[in-house]
Amino acid sequence: MPVFLCPRCAYRESSSERNVRHQPRGCSRCGFGFSFELLEDYYASPKTALIVCDKELRVLVAGHSAFAVTGYDEGELIGQDVMAVLGLGGFADGDPIARSLEWGVRVLNVPCTYRFNATADFFPAYDDDGGLLVALTPKTAVPSQ
Ligand SMILES: [Zn+2]
């Protein structure tokens, strides 16, 4: 059953729980304008940065824990290429973003080094706009800014 994940507050809702009459696309907990549709359930940890990109991989939303993890204000991230601005890359096993978008599948637990060791999860968007959700979870302490 599809699950909707709010990129702002990380609230999860199943499609049957959603109050589509009052909040057709948004989060019914924090009121944020849209929730990201996932085909399978996913739990973001309290430390997981949730970043939504458009189909050109430019940042649309730097939401839940994004400042704590990336050190950037949302305003500094919006419109930037997510790979470039986060310095993601050098993945050991091909390009997980390309794999996620090309096959329309989620790609989980990709080790990456950002300012610290982290794992990245990538989720393709299933609506007509396309796009991608990047979830970045630190595995070691995040250095202070
Ligand atoms: Zn929310």
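Our structure's up above, just so we're on the same page.
Now for a quick tour of the structure. Keep in mind that this is a model prediction, so the values were computed, not measured. (Residues numbered from 1 in each chain as written. Predicted model: local features only at pLDDT ≥ 70, side-chain atom pairs only at ≥ 80, totals over all residues. Heavy atoms only, no water.)

## Let's talk about the coordination of the zinc ion
Only C6 (SG), C9 (SG), C27 (SG) and C30 (SG) from the protein reach the zinc ion as donors, at distances of 2.3 Å. In the primary sequence, the donor residues of the zinc ion line up as C-x2-C-x17-C-x2-C. You can see C6 sitting in the loop between β1 (3–5) and β2 (12–14) and its partner C30 sitting in the loop between β2 and β3 (36–38), a full 24 residues away along the chain. Judged by relative accessible area, which is 38%, C30 ranks as partly exposed. (Donors = N, O, S within 2.8 Å, 3.2 Å for Na, K, Ca; no water. Helix = DSSP H or I, 4+ residues; strand = E, 2+ residues; numbered from the N terminus. Buried < 20%, exposed > 50% of the residue type's maximum accessible area, 1.4 Å probe, protein only.)

## Comments concerning the nonpolar core
Ranked by internal contacts, the top residues of the largest apolar core, which has 26 residues, are I51, V82, L86, L88, F122, V134 and L136. Of all the elements in the fold, those that place two or more residues in this core are β4 (49–53), β5 (59–62), α1 (66–70), α3 (82–86), β6 (107–113), β7 (117–124) and β8 (132–138). Ranked by residue count, the leading element in this core is α3, at 4 residues. Excluding its chain neighbours within four sequence positions, the residues that come into contact with I51 are V59, V61, A62, A66, T70, V82, L86, L132, L133 and V134. Counting 16 residues, the second largest nonpolar core, distinct from the first, contains C6, C9, F36 and V52. (Core = buried A, V, L, I, M, F, W, Y, C linked by side-chain atoms within 4.5 Å. Contact = heavy atoms within 4.5 Å.)

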